[in-house]
Amino acid sequence: MKKKVFVIIIILFSIHTSINSQIKHILDTKQIIIKFKQEFKANSIYYVNNKKFNDKHLNQLNKNNNVKSIKLTGNIRDKRTYAIELKSNKSYEEIIKMYKNTGQFEYVEENFKGEGHGNEFYPDDAYFNQQWSHNNDGSFANSTIDADIDSPAAWALTQGDPNLIVAILDSGVKLDHPEFSGRIWLNENEIQNGTDTDSNNYIDDINGGWDFANNDNDPTDDHGHGTNVSGIAMASGNNNIGYAGVNWNSKMMVCKILDDQNSGYYSWWAEAIYYAVDNGASVINMSVGGNSSSTLLSEAIDYAYNNNISVVVSTGNQNSSIQYPAKYSNSFAIGSTDPDDTRSAPFFWDSNSGSNYGPELDFVAPGNFIYGLNHLSNTNYNYYWGGTSQAAPHVAGLISLLISEVPSLTPENIREILINSSEDLIGDESDTSGFDEFYGNGRINAYEALLEALALNISEIEEHKFEIYPNPTSGVINLDNNGEVLNIKIYDINGKIVFENKNYSLQQLNISKLNKGIYFMKINNLDAQKIIKK
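So, a few notes on the structure that sits alongside this text.

The rules behind the values
Residues numbered from 1 in each chain as written. Predicted model: local features only at pLDDT ≥ 70, side-chain atom pairs only at ≥ 80, totals over all residues. Heavy atoms only, no water. Helix = DSSP H or I, 4+ residues; strand = E, 2+ residues; numbered from the N terminus. Buried < 20%, exposed > 50% of the residue type's maximum accessible area, 1.4 Å probe, protein only. Contact = heavy atoms within 4.5 Å. Areas by Shrake-Rupley, 256 points an atom, 1.4 Å probe, with all protein chains shown as cover. Expected span 1.5 Å × (residues − 1). Arc of directions from axis to C-beta. Polar contact = N/O pair within 3.5 Å; in protein donor to acceptor, adjacent residues only side chain to side chain. Pairing = 2+ DSSP bridges. Axes fitted to C-alpha atoms, helices over the stretch in contact; angles between N-to-C directions. Core = buried A, V, L, I, M, F, W, Y, C linked by side-chain atoms within 4.5 Å. Salt bridge = Lys/Arg side-chain N within 4 Å of Asp/Glu carboxyl O.

**Considerations on the overall build of the protein chain**
The helix and strand inventory of the protein chain stands at eleven helices and 24 strands. Counting all 534 residues of the protein chain, 54% fall into the buried class. In the protein chain, 69% of the contacts between residues at least 6 apart in sequence involve partners at least 24 apart. Carbon and sulfur atoms form 47% of the exposed surface of the protein chain, whose accessible area is close to 23,200 Å².

Here's what the structure looks like:
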């Protein structure tokens, strides 16, 4: 009997030891972020190639912690921020304290990981094209008429500037998808020759952008999240296939910051923000989030903001507090709504899920049951996703339309426009008048936002002696012309004359028969004035 007991104890001990060994192996590999102080002169090439610094004390510290790699990250032009991979049984707190105690760093922190904010589902139903987020006629299941962002009316005003660049920071994109034909950003300053031709610190980053997860120049999607998100914002419209994104014309910069498991280090995210800003992006979408705050990531968001680049971020799907980097004040924090205009809680894929909320929430947009593109096929449109990941690109796409029409807009201008134009009191009882923590400043409306932006951009009228008001107008334009005889021509956006009046003195002009859209009025052969019929 004792022998049997002894044998059992040995077996149990062996199992316990094996489990501990496995756990120990998982926890061994760690990553930290360090940023040297301003006065420190860095030799980044030496550090990365030799896995050590030019300081004996630091090198001994690296050796004690089994440093496996040192990689330049964050604002790589500054050459002061590095991601260090090491193997150590010490806790992050112990390791961070050791590096901080050297006195050489502005900050030391864990290289946190986050994940994408969306989930996909392949329905049994036959394929059908129902993008309720753009035009909700009430036919979608459990939907409310007009619980959408009024995209068709917005597209009558603009479909996006072909010269503008929208950066999608995600799991990459299916670069050869026909919905993105002619739309992928090409780095014209780079030549594919194995060197960094344009001196932006990335070798041969020609087609699309950069893969920060694998540190190469192929940002192809190996998960699916990024292709779906990209399509929501940027799929070409009016091309007889698939779906229509919010922006049909602008270029898309692809920054792969999530791996094939839909997760990524903050260092990848921050470095991609710097890359997007430095290489000409006008707006950035980040459908990602993590639970930990990070100085590295916060600095990157501020860098974009200070360069007048709006960073749109999903809030998360835990039905809880808002994640980072959406939580930072200089980003746009976006929550999700359902086809009936209520906050998404839950999403279709988990009864415990929900659009994250809190005082940092800025706006909400459609995000549940969103049909989209497939990263494994150019012809399969028969599945949908749900999450704040799907809400954010609606907003990023809208912001790109606003900048297409008014390039001088700053992030704060855009925030004000969206506050003034978003629809309030559209949800359940938690959607109270004005700002609230569940719907923010309201659900976006693309058409109203464009009208708001275009109205701000008509200051040039004041340069002439003819005052034209109201503008935008629903039909009648007042002309303060002091009785002067006017020659008036009105053109549509294609240059066709839709109204002409010669040698007549009038105080009002009725254009109620014109369709909604942007028109140009020429008076007495002066420069054309932009007018908007709503």
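**A short note on helix α8 (residues 295–306)**
Over its twelve residues, α8 extends 16 Å from the first C-alpha to the last, a length consistent with the 16 Å expected when each residue adds 1.5 Å. The complete set of buried residues in α8 reads L296, L297, A300, I301 and A304. Projection of α8 onto a plane perpendicular to its axis shows the buried side chains occupying an angular sector of 135°, all on one side. Residues of α8 that are buried make contact with β1 (29–36), β3 (81–87), β4 (105–110), α7 (266–278), β11 (283–286) and β13 (310–314). The backbone nitrogen of L296 lies 3.3 Å from a side-chain oxygen of the residue at the head of α8, namely S294. Positive backbone phi, approximately 60°, marks N308, located one or two places after α8.

**Thoughts on the sheet that holds strand β15 (residues 363–366)**
Spatially, the seven strands line up as an open sheet ordered β8-β9-β7-β11-β13-β14-β15, and their pairing is parallel. On the outer flanks of this sheet lie β8 (209–211) and β15, each paired with one strand and no other. In this sheet, neighbouring strand axes are inclined to one another by 25° on average, regardless of whether the strands run parallel or antiparallel. In this sheet, β15 lies alongside strand β14 (residues 332–337) in parallel orientation, the contact comprising four bridges. Of the residues in β15, the one forming a bridge with S336 is A365. Each of β7 (165–170), β11, β13, β14 and β15 is contacted by helix α9 (residues 388–405), which is oriented at about 160° to β13, the strand it contacts most.

**With respect to the nonpolar core**
The biggest cluster of nonpolar side chains holds 69 residues, and the ones touching the most others in it are I34, Y99, I257, I273, I284 and M286. Broken down by element, the residue count for this core peaks at ten residues, all from α7. The contacts of M286, once residues within four sequence positions are left out, are L169, I257, W269, I273, I301, V311, V312, V313, S314 and P325. I149, V246, A392 and I417 belong to the second-largest nonpolar core, a separate cluster that totals 56 residues.

**Notes on the pattern of salt bridges**
Under the defined criterion, the tally for this structure stands at twelve salt bridges. E106 serves as the salt-bridge partner of K35, at 3.9 Å between the closest nitrogen and oxygen. Within this pair, whereas K35 is found in strand β1, its partner E106 is found in strand β4, the two being separated by 71 residues in sequence. The buried category is assigned to K35, whose relative accessible area is 9%. In this structure E106 comes out as partly exposed when scored by relative accessible area, which is 41%. Residues E412 and R415 are paired through a salt bridge, measuring 3.5 Å at the closest nitrogen-oxygen approach. In this pair, E412 and R415 both sit in helix α10 (residues 411–421), three residues apart, roughly one turn of the helix.

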